[in-house]
Amino acid sequence: MLAQVAATSPQPQLEARAVHLWRGEKHLLRGVSFALYSGELLQVVGPNGVGKTSLLRCVAGLLPTESGEIVWQGQQLPEGRDEFHRELAYLAHVNGLKAELTALENLRFGVSVRRAVTTEELRETLQLLHVEACADLPVRALSAGQKRRVALARIMLTRASLWILDEPITNLDKAGIALFEARIAEHMRTGGMILTAAHQLLLQGQPGVRTLELR
Amino acid sequence: MQSSVQTTPGLGKILMLVLARDLRLAVRHWDQVLQPLIFFVIVTTLFPLAISPALDELRKISPGVLWVAAMLASLLALESLFRPDVEDGTMEQWVLSGQPLSLLLLAKTLTHWLLTGLPLVLMAPIVGTALGMPQSVWPVLAATLALGTGSLSVLGAIGAALTVSVRRGSVLLALLVLPLEMPVLIFGARAVDLAMHGEPVAGPLNLLAALLLFFVSLGPFAMAAAMRISVES
């Protein structure tokens, strides 16, 4: 119900206006624009090498744009960058986990930089993604899918309102995708926003789910 | 909206967090952490073999030998400072954490110094004795190395942050950092030399301390700026 209210609210939380980006000799992003409202999931689709990851990195502030604006809650970035980053959880192709540390240690250090967190909370989140058995194993020993689930647990734990996820369901099995879709739906229901780059669309046909096609 | 007001941890808390994380990581691969120290011991032991086992001759060159070896050992240690974190994506998470990156990187450099610089400081008197250095010089040697390796760590961290995205950037790092480290080497070796001749060492020691304060106060901002450039690629 929140999503419906959000969809009619006039103020987009996140907006990209005519973003251009060059990578070397290639004009990768040619005036990409989108608006993201509270409670929405926007999936960026397009063939390999079209610039999905670059667009996500631009929005997150990891790549400077050639021209165009990224606006968060009415403020044009990089102004207010730290506040924006506190509201942002970003998951790249790499999981951002230390192989030598256990899943639990990884989560504790990853989340504590942003907010205080208890071990029970960490274990509960791992349980939600059905990887509680991996909590005390070094990440090196986990399978690719299990690592991805631990990385997604970190995103959920940050309590950020905006999730930017680069192909989040890579290496996940069917059960894992279903679990994760449920978490996404929950995040949207509570007014969160998600921007993903995806080859496989999530939550197809649900309200508040849109796609942005790059050419 | 979800809770937009979160209690973010204080700066001291973040410092402790980074320290705890990196110390734990160091325990898990202690063999890599020991490398610079082993390098330092081996290089200094080579000199008596190559030059002469006569203590009189060794005593003359021992300040220089110890300092050059310490400098190269600290350079060797820089390779493991930021690279692993950048490669596995944890550095990206820090850049996007909304916390001051300069502080995070300073905490990381401090931990790195505890693991690679401090052992050199503790080992130096023993190695110095092997090179015929009198016991009375130990405090000065340890003090110059403690101040000096601190400066080397901060300067090196700036260079490491700049070159971390460069494949096999260690040669570039050496070219970049070694010229900047010259003053530290000059004052450090000079102070030890003066102490061996029984002369006052306050001058070069004060200068070393001033250099360290200067690098620690401004270095973190340079590290953070360099790291942002390296991650943006």
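Being a predicted model, the structure only gives us computed values, none of them experimental.

1. Side note on the nonpolar core
Phase 1 of the analysis: Leu88, Val150 and Ile164 of chain A together with Ala70, Leu105, Ala161 and Met227 of chain B are the most contacted members of the largest nonpolar core, which totals 124 residues.
Phase 2 of the analysis: Residue contributions to this core peak at twelve residues, all from helix H3 (residues 55-87) of chain B.
Phase 3 of the analysis: Once residues within four sequence positions are removed from consideration, alanine 70 of chain B is found in contact with Phe40, Leu120, Leu145 and Thr149 of chain B.

2. Examining the environment of leucine 145 of chain B
Residues and elements named next belong to chain B.
Phase 1 of the analysis: Relative to the helices and strands, leucine 145 is located in helix H6 (residues 138-163).
Phase 2 of the analysis: Each C-alpha atom of the pair leucine 145 and glutamate 232 lies 35 Å from the other, and the pair is 87 residues apart in sequence.
Phase 3 of the analysis: The contacts of leucine 145, once residues within four sequence positions are left out, are Ala70, Leu120, Val121 and Ala124.

3. Focus on the domain arrangement of chain A
Residues and elements named next belong to chain A.
Phase 1 of the analysis: Structurally, chain A comprises domain 1 (12-87 + 160-215) and domain 2 (97-159).
Phase 2 of the analysis: Just the C-alpha atoms count here: the centres of domain 1 and domain 2 sit 23 Å apart.
Phase 3 of the analysis: At the junction of the two partners, domain 1 supplies 13 residues and domain 2 supplies 13 residues.
Phase 4 of the analysis: Mapped by element, the contributors of at least two residues to the side of domain 1 that touches domain 2 are strand S7 (162-166) and helix H7 (174-189).
Phase 5 of the analysis: A per-element tally of the side of domain 1 that touches domain 2 places H7 first, with four residues.
Phase 6 of the analysis: Counted by class, the side of domain 1 that touches domain 2 contains seven nonpolar, three polar and three charged residues.

4. As for unusual backbone geometry
All names here are of chain A.
Phase 1 of the analysis: Each neighbour pair has its own omega, and for leucine 77 with proline 78 the value is 10 degrees, a cis peptide bond.
Phase 2 of the analysis: Positive phi, normally seen in glycine, also occurs at histidine 130, with a value near 60 degrees.
Phase 3 of the analysis: Structurally, histidine 130 is set in the loop between helix H5 (119-128) and helix H6 (144-157).
Phase 4 of the analysis: Among the residues examined, histidine 130 registers 13 C-beta atoms within 10 Å and is labelled partly exposed.
Phase 5 of the analysis: A positive phi is found at asparagine 171, a non-glycine position, where the angle reads about 70 degrees.
Phase 6 of the analysis: Residue placement: asparagine 171 occurs in the loop between S7 and H7.

5. Side note on the confidence of the model for chain B
Phase 1 of the analysis: The predicted model of chain B has a mean per-residue pLDDT of 90, with 97% of residues at 70 or higher.
Phase 2 of the analysis: The low-confidence segment residues 1-5 of chain B, where pLDDT is below 50, has eleven contacts with residues more than four positions distant or belonging to other chains.

6. What to know about the sheet that holds strand S3 (residues 41-45) of chain A
Residues and elements named next belong to chain A.
Phase 1 of the analysis: Ordered by their spatial adjacency, five strands build an open sheet running S6-S7-S8-S3-S9, and the pairing between neighbours is parallel. Across the chains shown, the open sheet's two edge strands, defined by having one partner strand only, are strand S6 (88-91) and strand S9 (209-213). Strand-to-strand, the axes of this sheet are offset by a mean angle of 15 degrees, without reference to chain direction.
Phase 2 of the analysis: Inspection of the sheet shows S6 paired to S7 by four bridges, in the parallel sense. Paired with tyrosine 90 across the bridge in S7 is isoleucine 164.
Phase 3 of the analysis: H7 rests against S3, S7 and strand S8 (193-197) of the sheet, and its axis sits at about 140 degrees to S8.

Quick notes on the rules
Sequence order as written defines residue numbering, which begins from 1 separately in each chain. Working convention: letters from A go to chains and numbers from 1 go to ligands, in the order in which they are written. Reporting in this predicted model follows two pLDDT cut-offs: at least 70 for local features of residues, and 80 or more for side-chain atom pairs to be given and counted; totals over whole chains, interfaces and linings ignore these cut-offs and use all residues. A set of buried residues qualifies as a nonpolar core if it consists of Ala, Val, Leu, Ile, Met, Phe, Trp, Tyr and Cys joined through C-beta atoms within 7 Å. Exposed residues have 12 or fewer other C-beta atoms within 10 Å of their own C-beta, buried residues have 20 or more, and partly exposed residues fall in between, where C-beta atoms are placed from the backbone. Put simply, DSSP marks the helices as runs of H or I at least four residues long and the strands as runs of E at least two long, and each gets a number from the N terminus on. Here contacts are defined at the residue level, using C-beta atoms placed from the backbone and a cut-off of 7 Å between them. For the domains described, the bounds stem from an automatic or database domain assignment. In this count, Pro and Cys sit with the nonpolar residues alongside Ala, Val, Leu, Ile, Met, Phe, Trp and Tyr, while Asp, Glu, Lys and Arg are called charged and the others, Gly among them, polar. The quantity known as pLDDT measures the predictor's confidence residue by residue, on a range of 0 to 100. Strand pairing is defined by DSSP finding a minimum of two bridges between the two strands. Throughout, an axis means a line fitted to C-alpha atoms (over the contacting stretch in the case of helices), and angles, computed between N-to-C directions, take values from 0 to 180 degrees.

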